[in-house]
Amino acid sequence: MCTPAPEDPGITARSRGPRASGARSVGLAHAGLNVTALALFAISLGVYAGHWNGPAKSATLGLALASAGVVCTVAAGFLGWMLVQDYHIGIRLTEVQERDELSESHRLLHHHAKAA
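This text gives an overview of the structure that appears in the document.

What counts, and where the lines are drawn
- Residues numbered from 1 in each chain as written.
- Predicted model: local features only at pLDDT ≥ 70, side-chain atom pairs only at ≥ 80, totals over all residues.
- Heavy atoms only, no water.
- Helix = DSSP H or I, 4+ residues; strand = E, 2+ residues; numbered from the N terminus.
- Buried < 20%, exposed > 50% of the residue type's maximum accessible area, 1.4 Å probe, protein only.
- Contact = heavy atoms within 4.5 Å.
- Areas by Shrake-Rupley, 256 points an atom, 1.4 Å probe, with all protein chains shown as cover.
- Axes fitted to C-alpha atoms, helices over the stretch in contact; angles between N-to-C directions.
- Parallel < 35°, antiparallel > 145°, perpendicular 65-115°, else oblique.
- Left-handed = near helix turned anticlockwise from the far one by under 90°.
- Nonpolar A, V, L, I, M, F, W, Y, C, P; charged D, E, K, R; others polar.
- Core = buried A, V, L, I, M, F, W, Y, C linked by side-chain atoms within 4.5 Å.
- Expected span 1.5 Å × (residues − 1).
- Patch = residues over 30% accessible without salt bridge, like charges linked within 9 Å, V, L, I, M, F, W, Y side chains within 5 Å.
- Salt bridge = Lys/Arg side-chain N within 4 Å of Asp/Glu carboxyl O.
- Lys, Arg positive; Asp, Glu negative; His and termini not counted.
- Charge placed at Lys NZ, Arg CZ, Asp CG, Glu CD.

## Notes on the overall build of the protein
Part 1 of the argument: When you go through the protein residue by residue, the secondary structure sums to four helices and zero strands.
Part 2 of the argument: Mapped in sequence order, the helices and strands of the protein form the string α-α-α-α.
Part 3 of the argument: Looking at the protein as a whole, 20% of its 116 residues qualify as buried.
Part 4 of the argument: Contacts in the protein between residues at least 24 apart in sequence constitute 63% of all its contacts with a sequence separation of at least 6.
Part 5 of the argument: In the structure as shown, the protein presents an accessible area of about 8900 Å², 66% of it carried by carbon and sulfur atoms.

Given below as structure tokens:
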């Protein structure tokens, strides 16, 4: 029997958000890039698995696959940051934090209104 995985904020955003929402598309791109990076690293492992005890004929393919995997991982990290910063996915504020955030935004609005 399969046990459910811990709740992932990206999965939550995809399952509860409207189909056309920005968070949903960013979450899907984030997941896709992570899966692509994993696949690239797995392909690299498969190509070089037979060469553990001796040198491979060429490292070019491995370097290309690893570089592409790192680029995908960095891009997925950027999108993950967007999910947290822009869409507030996975953030639950305590009551005190919510009050502080509201009072801070009120203070900033009041300050900007005075400046204008």
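## Things to note about the packing of helix α2 (residues 22-48) against helix α3 (residues 60-85)
Part 1 of the argument: Here α2 crosses α3 at 160 degrees, and the two axes come no closer than 8 Å. Between α2 and α3, the angle is such that the two are roughly antiparallel. The handedness of the crossing between α2 and α3 is left-handed.
Part 2 of the argument: A class-by-class count of the residues in the contact of α2 with α3 yields 21 nonpolar, 10 polar and no charged.

## A short note on the environment of Gly69
Part 1 of the argument: Structurally, the position occupied by Gly69 is in helix α3.
Part 2 of the argument: The exposure class assigned to Gly69 is buried, which follows from its relative accessible area of 0%.
Part 3 of the argument: Gly69 has contacts with Ala37, Leu40 and Phe41, leaving out every residue within four places of it along the chain.

## Focus: the nonpolar core
Part 1 of the argument: With five residues, the main nonpolar core is built from Ala23, Val26, Leu79, Leu83 and Ile89.
Part 2 of the argument: Among the elements of the structure, α2 and α3 are those that each provide at least two residues to this core.
Part 3 of the argument: In this view, Leu79 contacts Val26, Ala29, His30 and Leu33; residues no more than four positions away in its chain are not counted.

## Remarks on α2
Part 1 of the argument: Its 27 residues give α2 an end-to-end C-alpha distance of 39 Å, which sits within 8% of 39 Å, the value for a rise of 1.5 Å per residue.
Part 2 of the argument: Along α2, the residues that are buried comprise Ala23, Arg24, Val26, Gly27, His30, Ala37, Leu40, Ser44 and Tyr48.

## Describing a negative patch on the surface
Part 1 of the argument: On the surface, Glu95, Glu98, Asp100 and Glu101 cluster together into a negatively charged patch.
Part 2 of the argument: Counting through the fold element by element, Glu98 comes out in helix α4 (residues 95-115).
Part 3 of the argument: Classification of Glu98 by relative accessible area gives partly exposed; the value is 42%.

## Regarding the side chain of Ser44
Part 1 of the argument: Structurally, Ser44 can be placed in helix α2.
Part 2 of the argument: Ignoring anything within four residues of it in the chain, the contact list for Ser44 reads Gly62 and Leu65.

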